[in-house]
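Secondary and tertiary structure notes
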Amino acid sequence: MKNILIINGPNLNLLGTRQPHIYGSTTFASYFSELETIFSESAILHYFQSNSEGAIIDKIQESAADMDGLVINAGAYTHTSVAIHDALANMEIPKMEVHISNIHKRESFRHHSYLSSVCDGIVIGMGLKGYKWAVMQILDL
């Protein structure tokens with residue numbers, strides 16, 4: 001059984017009500033329960049969400065030794081945080097970057113990710129299903 005941590009960044013605590021035309025109407029808590037059921041025989045999923053960059057970095061550092069994989073949707077920090085990049089670079093476990101929306105069809109400032117170069121893969125624009133595909137990829141790595 002692999003331990004896999006899913007981290008969501010700022011404003012992703014509002015999934016289900018935040019811009020449902022972009023992010024859908026399902027809460028992440030509801031979707032996380034589905035993920036736990038899907039992967040119940042192959043992974044123990046852990047979840048953390050924070051609107052604070054420092055808290056995300058602390059969680060990444062705390063988890064480096066205990067987790068077998070990481071799925072991260074850093075929200076807006078994807079496009080701004082060298083510090084999260086550096087924390088991820090220090091982890092020697094499989095890491096997948098997820099974006100619910102297609103960031104390349106949105107504002108130009110969202111087109112660049114500081115995280116992609118230190119992640120093993122990226123899932124973009126597949127809605128919440130992207131988390132499932134990211135976990136599947138970590139299990140395959």
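Each remark here, short or long, concerns the structure printed above.
This section reports on the structure supplied with the text.

What counts as what
Residues numbered from 1 in each chain as written. Predicted model: local features only at pLDDT ≥ 70, side-chain atom pairs only at ≥ 80, totals over all residues. Heavy atoms only, no water. Helix = DSSP H or I, 4+ residues; strand = E, 2+ residues; numbered from the N terminus. Rg over C-alpha atoms; globule rule 2.2 N^0.38 Å. Pairing = 2+ DSSP bridges. Axes fitted to C-alpha atoms, helices over the stretch in contact; angles between N-to-C directions.

Each helix and strand in the protein chain was counted, giving five helices and five strands. Starting at the N terminus, the α and β elements of the protein chain follow one another as β-α-α-β-α-β-α-β-β-α. Taken over C-alpha atoms, the radius of gyration comes to 14 Å for the protein chain, in line with the 14 Å a tight globule of 141 residues would show. The principal-axis extent of the C-alpha atoms belonging to the protein chain is close to 40 × 30 × 25 Å.

The next point concerns the sheet that holds strand β5 (residues 121-124). Judged by pairing direction, the sheet is parallel, and its five strands sit side by side in the order β2-β1-β3-β4-β5 without closing on themselves. A strand with exactly one partner marks an edge of an open sheet, and here the two such strands are β2 (43-49) and β5. Adjacent strand axes in the sheet meet at a mean angle of 20°, parallel and antiparallel pairs treated alike. Across three bridges, strand β3 (residues 69-73) lies against strand β4 (residues 95-99) in parallel orientation. Each bridged residue has a counterpart across the sheet, and for valine 71 the counterpart in β4 is methionine 96.

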